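Given next are the chains, with one letter for each unit.
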Amino acid sequence: MPAHNKKLVAIVDYGVNNLHSLAKAFTRCKCEVIITEDPATVATADAIVLPGTGAFQAGMNGLKTRGLIDSIRAFADTEKPILGICLGAQLLLNTGNEFGSFPGLGIIDGSVDSFPTLKPGHKVPHFGWNGILSKGSPWNGSLLDSIREKSYVYFVHSFIMNPKNKKYIFATSEYGGYEFCSVMRKNNIYGCQFHPEKSGIVGLKIIKNFIKIIQA
Amino acid sequence: MKNIRIIPRLDIKGPNVVKGIHTEGLRVVGEPIKLAEKYYRDGADEIVYMDIVASLYQRNLDFDLLRSVASEIFIPLTVGGGIRSIHDINNALRAGADKVAINTYALGHPEFLKEAVRTFGAQCIVLSVEAKKINPNSWEAYTDGGREKTGINAVDWIHQAVSQGVGEVFITSIDADGTRKGFDRELAQAVSSVAVPVIIHGGANSPSSFLDILRDCKPDAVAASSIFHYGVATIKQVKKYLAKNNISVRLK
Amino acid sequence: MTNKSKTKYGLPEKVIFCKKCVISNQRPSSTVEFKHVKKERKETIAFGKDGICAACRYAEYKDSKINWRAREKELIKLCDKYRGKDGYYDCVVPGSGGKDSAYAAHILKYKYKMSPLTVTWAPHLYTDIGWKNFTNWSHVGGLDNILFTPNGIVHRLLTRLAFENLLHPFQPFIIGQKYTGPKFALLYKIPLVFYGEYGAEYGNKIKENEIPTMNSKFYAHNVTLDKLFLGGVSAKSLLASKKISLNDLNPYLPIPKKEAEKIGIQVHCLGYYLKWDPQECYYYASQNTGFQANTERTEGSYSKYSSIDDKVDAFHYYTTLIKFGIGRATYDAAQEIRSRKITREEGVTLVKRYDTEFPNKYFQEFLDYTGISKEKFWKLINTGRSPHLWEKTNSGEWHLRHRVSSSNNE
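Our subject in this report is the structure included herewith.

Turning to the overall build of chain C, a few remarks are in order. Counting its regular elements, chain C contains 15 helices and nine strands. Taking 410 residues into account, the globule formula puts the C-alpha radius of gyration at 22 Å, and chain C, at 21 Å, falls close to it. Across its three principal directions, the C-alpha atoms of chain C cover 70 × 55 × 40 Å. Buried positions account for 58% of the 410 residues belonging to chain C.

See below:
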């Protein structure tokens, strides 16, 4: 039986994503979550998780039709923890340049862009396991607490996060000769380009770390 | 260096994992949840889960079974079998799939791939191909679990699908499938120029067969079924062997 | 409403589908082919009061009541008795190198240490895959083989007559297939013959399944020419018409009863001794005799590995569809349901999808082979439809009155 923590963790359902495995990963880490598309529930949560697979514009439209854009922005202002995953992380930025140019949540300044030309043999989407590296900021007590450098996590994306201010780049990965941002951090707001719920034991540890942050 | 993914494939029929030879004679080899969990713990990088008879029986895959399999593993899951609509893709994703593979329906309706990519993103949509050699350097695409000819050149079809935006290609050699006599080298060579990641499947018989195909044809990932289901080698053994031979793989 | 005069072939008027598999009560049991004439009334598969067919009944019995260890012991005893000591053949295994005979011959040789002589009665028209599997049987499986090909001119004539008179083009093949084993057993003085599958697997009378041997009436009979029928025509008339000679009849004659008894010929079914599973035969043959399934499914069915060596085979199943309402998919699915590879519901889907499919691939070859015109072909087919099974729609299309369904149970 999973232990019930007293904090309310909400996974935001905005229509175009795989929620089941994320919810199961949290359950496996002994944390109850609710899946919601209701702005009021989001507002009262102690932490939110913004998951996502799919296209940037479709993602923003999903948030818009559910009236979630303002409530997530407001949530970000409260400094309560946010975990954005893949598309969910990308949506935290100002602009998404995927099949056109579209506004994002603007919680972190910056844009979502395509990979530049990569070394031969390196295809896009970037599918697969890749290591994460520190950018100098210590990982203790953070989302990446006790995670060894170069640990493998699972990526599947065609576009990358480019925060304007480099201090928000918390971890990077290298693909095809190019170093890109794999984790963004602005205080308690984290954006993982990879999928912790798909990254085996390492991923489950990252989720446990997020739960610790919520409970702090 | 690019990391090679090693992927076990589960062919699902009803409540069982099955395996055939040349996609025929589907023998029960295990239970989906048990095998998926086993391979996850053994270091699989992803799992491919295909309902091998959904198109043949003109039905959908069992989303409840999928859900229970997905809940036990925390690595990517590609799901296929009878996917015929945006609704089916959505159901698969909500049941736990990370990527959805499409074969039979796409061959009859190539524009569906474009629609699927637009709705869910390229990274979600995998083209699954079953290829039978008909002439030197020429393969025909089959549907309905390797039973129906299409008259379509498999490699041309792959290029067409990639232009529709699919994010990945999973290709099975019908000639090699289930035989454990080695991969179809020529097929792997023929698809090495495809612009998106390609997963080669069919014929694995030993850790060294993985090494050979990776060295010679450089696929992005290698999938196998019989060799794992019948306990000929474990995923761990295969990966350790590859790492020893300077192939970059994720080791626990 | 149908009445007795509206049923052909002496079939039961009411059509019932088995509750467990997809076969109907119209399925005929094995015929004594050399007595087969147009007016013959068919014996059909028995159905219990619970709506379950004899073949399913046998399958249940096979799974639960038979002591297979004991049966295998009987086989070992039999082999010990007949095993050759001087290197000569000690058993004859008739077959084509298809999955079933490939399994039978190979396992007898390599597991039970017998010295089989495989004998093959040639298909009417070999398919490429059939020829490949046949030669692999020897080259990969490591077996001696004699291929007997009957006079092609006569064979074609009999095929045509069988089609015209009985709507049964496969009869010449079936006749020879039943006799080939015993014939070579007689010729080479090898008394023991092993066939593969067991009649009861397919619904032949359950009483026959208590013994391992085939009734000699199927292959050893003293028959006079006026009582021998080929293609529905008496041998006497065939000879009188000078279309064939006495010598031409040889391959189609049963062996003389006395001679069979002198040698002590016994025809055993391996399926009595070893639990028969055609899919497992496929696996065994794949791994041991170089057997390969076909690349695409067979027309009229979903299967890729059943009966794939004769181009005329497709027309055998098409005519069973016409005469009995039972096509190839039904036969394949029924067998797979009984051996628990597919569920009844899956079988129903497959039958609905494939059973009535016309075998186009070899149609022209079949017409050329038999010398029958397309018009005559369809005339014979349509005349062969029993009114209690078929009806013609307003648009002139033929439809089966009764189709198997998930909720079937008329």
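The next subject is the overall build of chain A. A count of helices and strands for chain A gives six helices and 14 strands. Its C-alpha atoms give chain A a radius of gyration of 16 Å, near enough to 17 Å, the size a compact globule of 216 residues would have. Dimensions of chain A along its principal axes, counting C-alpha atoms only, are 50 × 35 × 30 Å. Looking at chain A residue by residue over its 216 residues, the buried ones come to 61%. Long-range pairs, those at least 24 residues apart, make up 70% of the contacts in chain A with a sequence separation of at least 6.

Residues and elements named next belong to chain C. Put simply, helix 12 (residues 328-338) and helix 13 (residues 344-354) touch, their axes get as near as 9 Å, and they point 170° apart. Put simply, helix 12 runs roughly antiparallel to helix 13. Seen from helix 12, the contacting residues are Ala-329, Thr-330, Ala-333 and Ile-337; seen from helix 13, they are Arg-344, Gly-347, Leu-350, Val-351 and Tyr-354. For the contact of helix 12 with helix 13, the class distribution of residues is six nonpolar, two polar and one charged.

This part is about the interface of chain A and chain B. Contacts between the two partners involve 36 residues from chain A, matched on the other side by 42 residues from chain B. Roughly 3000 Å² of surface becomes buried between chain A and chain B when both sides are summed, with 54% attributable to carbon and sulfur atoms. In terms of surface lost to chain B, no three residues of chain A exceed Lys-123, Phe-127 and Trp-129 of chain A, which account for 24% of the buried area on that side. Counting across the interface, chain A meets chain B through four salt bridges. Between Asp-220 of chain B and Lys-123 of chain A there is a salt bridge, with the nearest N and O atoms lying 2.9 Å from each other. Summed over the shared surface of chain A and chain B, the result is 13 residue pairs in polar contact (both at pLDDT 80 or more). When residues of the side of chain A that touches chain B are traced back to their parent elements, those giving at least two are helix 1 (20-28), strand 8 (126-131), strand 10 (152-157), strand 12 (169-175) and helix 6 (200-215) of chain A. Looking at the side of chain A that touches chain B, the element that brings in the most residues is helix 1 of chain A, giving five residues.

Between chain C and chain B, the contact holds 22 residues from the first and 23 residues from the second. Ranking the residues of chain C by area buried against chain B places Tyr-283, Lys-304 and Arg-353 of chain C at the top, with a combined share of 29%. Linking chain C with chain B are five salt bridges, by the criterion used here. Close ionic contact of Arg-353 of chain C with Asp-144 of chain B constitutes a salt bridge, the shortest N to O distance being 2.9 Å. The tally of links between chain C and chain B comes to 19 residue pairs in polar contact (both at pLDDT 80 or more). Among the elements of the structure, helix 10 (278-288) and helix 13 of chain C are those that each provide at least two residues to the side of chain C that touches chain B. Per-element accounting of the side of chain C that touches chain B gives the leading share, six residues, to helix 10 of chain C.

The relation between two aromatic rings is expressed through the spacing of the ring centres and the mutual angle of the planes. This model, assessed by the stated rule, comprises 44 aromatic pairs over all chains. When the centroid spacing of 5.7 Å and the interplanar angle of 70° are considered together, the rings of Phe-155 of chain A and Phe-194 of chain A count as edge-to-face. Residue Phe-155 of chain A is located in strand 10, and its partner Phe-194 of chain A is located in the loop between strand 14 (189-192) and helix 6; the two are separated by 39 residues in the primary sequence. Classification of Phe-155 of chain A as buried rests on a relative accessible area of 0%. Taken together, the ring pairs connect Phe-163, Phe-315, Tyr-318, Phe-358, Phe-363, Phe-366, Phe-377 and Trp-378 of chain C into an aromatic cluster. A cation sits over an aromatic face here: Arg-250 of chain B above Trp-129 of chain A, 3.5 Å from the ring centre.

For the structure on display, the rule yields zero disulfides over all chains. The cysteine Cys-181 of chain A is free of any disulfide, with Cys-192 of chain A supplying the nearest cysteine sulfur at 9.4 Å.

Turning our attention to the arrangement of the chains. If you rank the two pairs of chains in contact by how many contacts each has, first place goes to chains A and B. No interface is formed between chain A and chain C, the nearest pair of C-alpha atoms being 30 Å apart.

Once that is clear, we can look at the side chain of Glu-164 of chain C. Looking at the element boundaries, Glu-164 of chain C is found in helix 5 (residues 152-166). If near-sequence neighbours (up to four positions away) are discounted, Glu-164 of chain C is found in contact with Ile-372, Lys-376 and Leu-380 of chain C.

To continue, consider unusual backbone geometry. For the peptide bond that leads from Val-124 of chain A to Pro-125 of chain A, omega is 10°, which places it in the cis range. Topologically, Pro-125 of chain A is positioned in the loop between strand 7 (110-114) and strand 8. Within the chain, Lys-218 of chain B stands out as a residue other than glycine whose phi angle is a positive 50°. For Lys-218 of chain B, the position within the fold is in the loop between helix 8 (207-217) and strand 12 (221-224). Despite not being glycine, Lys-113 of chain C has its phi angle at roughly 55°, a positive value. Summarising the element assignment, Lys-113 of chain C is placed in the loop between helix 3 (99-110) and strand 2 (116-121).

A word on the environment of Tyr-198 of chain C. Take Tyr-198 of chain C: it is sitting in the loop between strand 4 (192-195) and strand 5 (229-230). Residues Tyr-198 of chain C and Lys-19 of chain C lie 179 residues apart in sequence; the distance between their C-alpha atoms is 22 Å.

On to the pattern of salt bridges. All names here are of chain B. Under the defined criterion, the tally for this structure stands at 43 salt bridges over all chains. With its nearest N and O atoms 2.9 Å apart, the salt bridge here joins Lys-99 to Glu-46. Placement of Lys-99 in strand 6 (residues 99-102) and of Glu-46 in the loop between helix 1 (32-41) and strand 4 (47-51) is noted, with a sequence separation of 53 residues between them. Look at Lys-99 and you get buried, because its relative accessible area is 1%. Several salt bridges converge on common partners, so that one network encompasses Arg-5, Glu-46, Lys-99 and Glu-168.

Criteria and thresholds
- Residues numbered from 1 in each chain as written.
- Chains lettered and ligands numbered in written order.
- Predicted model: local features only at pLDDT ≥ 70, side-chain atom pairs only at ≥ 80, totals over all residues.
- Heavy atoms only, no water.
- Helix = DSSP H or I, 4+ residues; strand = E, 2+ residues; numbered from the N terminus.
- Rg over C-alpha atoms; globule rule 2.2 N^0.38 Å.
- Buried < 20%, exposed > 50% of the residue type's maximum accessible area, 1.4 Å probe, protein only.
- Contact = heavy atoms within 4.5 Å.
- Axes fitted to C-alpha atoms, helices over the stretch in contact; angles between N-to-C directions.
- Parallel < 35°, antiparallel > 145°, perpendicular 65-115°, else oblique.
- Nonpolar A, V, L, I, M, F, W, Y, C, P; charged D, E, K, R; others polar.
- Buried area = accessible area lost by both parts, 1.4 Å probe.
- Salt bridge = Lys/Arg side-chain N within 4 Å of Asp/Glu carboxyl O.
- Polar contact = N/O pair within 3.5 Å; in protein donor to acceptor, adjacent residues only side chain to side chain.
- Phe/Tyr/Trp six-rings, centres within 6.5 Å; stacked < 30°, edge-to-face > 60°.
- Lys NZ or Arg CZ within 6 Å of the ring centre and 35° of its normal.
- Disulfide = S-S within 2.5 Å.

Geometric descriptors of this kind do not, in isolation, establish any biological role.
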